[in-house]
Amino acid sequence: GDNVTLETDGTNHYLRLKVTEPEKMVQAYRVMNLPKDARALELTYKVRFDGIERGKAIYHDGRIMMKFLDANKREVKPTPTHPNYKGTSSAKKGQPAEWQERKQQIRVPEGAVQFEMIFALFNAKAGTLEFDDIKLVPMDVAIIDAAEKEKAEKEAARIAALPKPKPQVAVPSA
């Protein structure tokens, strides 16, 4: 139908999803075979969205749903975080939607042989969602390991710096 289209701007082509019937699924599906030695992936893309209004549930918005599949086409956990979009991608309220560059690093779970992506307006009331320059490439898993370690260390330091609670009642001494 006219709710998923490949648009042209000069020599550039990009994917457009548009709500034509409120609270109905609009999607473009893609599944890719993973390189045998891939332990991590980097997803980069440009996104532009305009007037996306949520449907009945909090997840009824614009999003990229992703999951890994094994050789039998069964889901392999954990599932990557689903980027989601609502409103308009503009620098200032009331301005036209602008392209934004996004990046996500994803750990590949053991046993995964395929990666499924669904670009969707998931039962949104209204809106347009566009994607361009979508790239999914293998990356060094050590980069993700280091980022996760740094995040854990920062959180541990934040918790250690919190004020210690004082007892509400006197604690008898031994």
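Our subject is the structure that appears above.
Residues numbered from 1 in each chain as written. Predicted model: local features only at pLDDT ≥ 70, side-chain atom pairs only at ≥ 80, totals over all residues. Heavy atoms only, no water.

Student: What am I meant to see in the packing of aromatic side chains here?
Tutor: Geometrically, a pair of aromatic rings is defined through the distance of the ring centres and the angle of the planes. The final tally for this structure, using the stated rule, is 7 aromatic pairs. Ring pairs connect the aromatic residues Tyr45, Phe49, Tyr85, Phe119 and Phe131, which therefore count as one cluster. (Phe/Tyr/Trp six-rings, centres within 6.5 Å; stacked < 30°, edge-to-face > 60°.)

Student: Looking at this model, I keep getting lost on unusual backbone geometry. Mind explaining?
Tutor: Most peptide bonds are trans, and most residues other than glycine sit at a negative phi. Omega for the peptide link from Lys77 to Pro78 comes to 5°, which places this bond in the cis form. Considering the arrangement of structural elements, one finds Pro78 in the loop between β6 (75–76) and β7 (84–85). Phi is positive for Lys73, which is not a glycine, with a value near 65°. Residue position: Lys73 is located in the loop between β5 (62–69) and β6. (Helix = DSSP H or I, 4+ residues; strand = E, 2+ residues; numbered from the N terminus.)

Student: Looking at this structure, how should I read the nonpolar core?
Tutor: Generally speaking, soluble globular proteins have nonpolar side chains that are buried together. Counting residues in hydrophobic clusters, the biggest one holds 29 residues, and the most contacted among them are Phe68, Tyr85, Phe115 and Phe131. Listing elements by their share of this core, those giving two or more residues are β2 (12–18), β3 (26–33), β4 (40–53), β5, β9 (114–121) and β10 (126–138). Among the elements that take part in this core, β4 stands out by supplying 6 residues, more than any other. With residues up to four places along the chain from it excluded, the contact list for Phe131 reads Tyr14, Leu15, Leu17, Tyr45, Lys46, Val47, Ile64, Tyr85, Trp99 and Phe119. (Core = buried A, V, L, I, M, F, W, Y, C linked by side-chain atoms within 4.5 Å. Buried < 20%, exposed > 50% of the residue type's maximum accessible area, 1.4 Å probe, protein only. Contact = heavy atoms within 4.5 Å.)

Student: Is there a simple way to think about the pairing of β5 in this case?
Tutor: Side-chain direction in a regular strand flips from residue to residue, so the side chains alternate between the two faces of the sheet. Of all 8 residues in β5, 7 are buried; the element is thus mostly enclosed. Summarising the sheet, β5 and β7 pair through 2 bridges and their orientation is antiparallel. Bridge pairing in β7 places Arg63 opposite Asn84. Bridge analysis of β5 against β9 gives 8 bridges, and the strand direction is antiparallel. Across the sheet, the residue bridging to Leu69 is Gln114, located in β9. Here β5 folds back onto β6 in antiparallel fashion, the turn holding 5 residues, of which Lys73 has a positive phi close to 65°. (Pairing = 2+ DSSP bridges.)

Student: When you look at the environment of Ser90 in this model, what are you seeing that I'm missing?
Tutor: For Ser90, the position within the fold is in the loop between β7 and β8 (100–107). Along the backbone, Ser90 and Phe49 are 41 residues apart, and their C-alpha atoms lie at a distance of 8.6 Å. One polar contact links the side chain of Ser90 to the main-chain carbonyl oxygen of Gln95, over a distance of 3.5 Å. (Polar contact = N/O pair within 3.5 Å; in protein donor to acceptor, adjacent residues only side chain to side chain.)

Student: What should I look at first to understand the side chain of Ser89 in this one?
Tutor: Note on placement: Ser89 falls in the loop between β7 and β8. By relative accessible area, Ser89 is classed as buried at 0%. Ignoring sequence-local partners within four residues, the contact set of Ser89 consists of Val47, Arg48, Phe49, Pro96, Ala97, Glu98 and Gln100.

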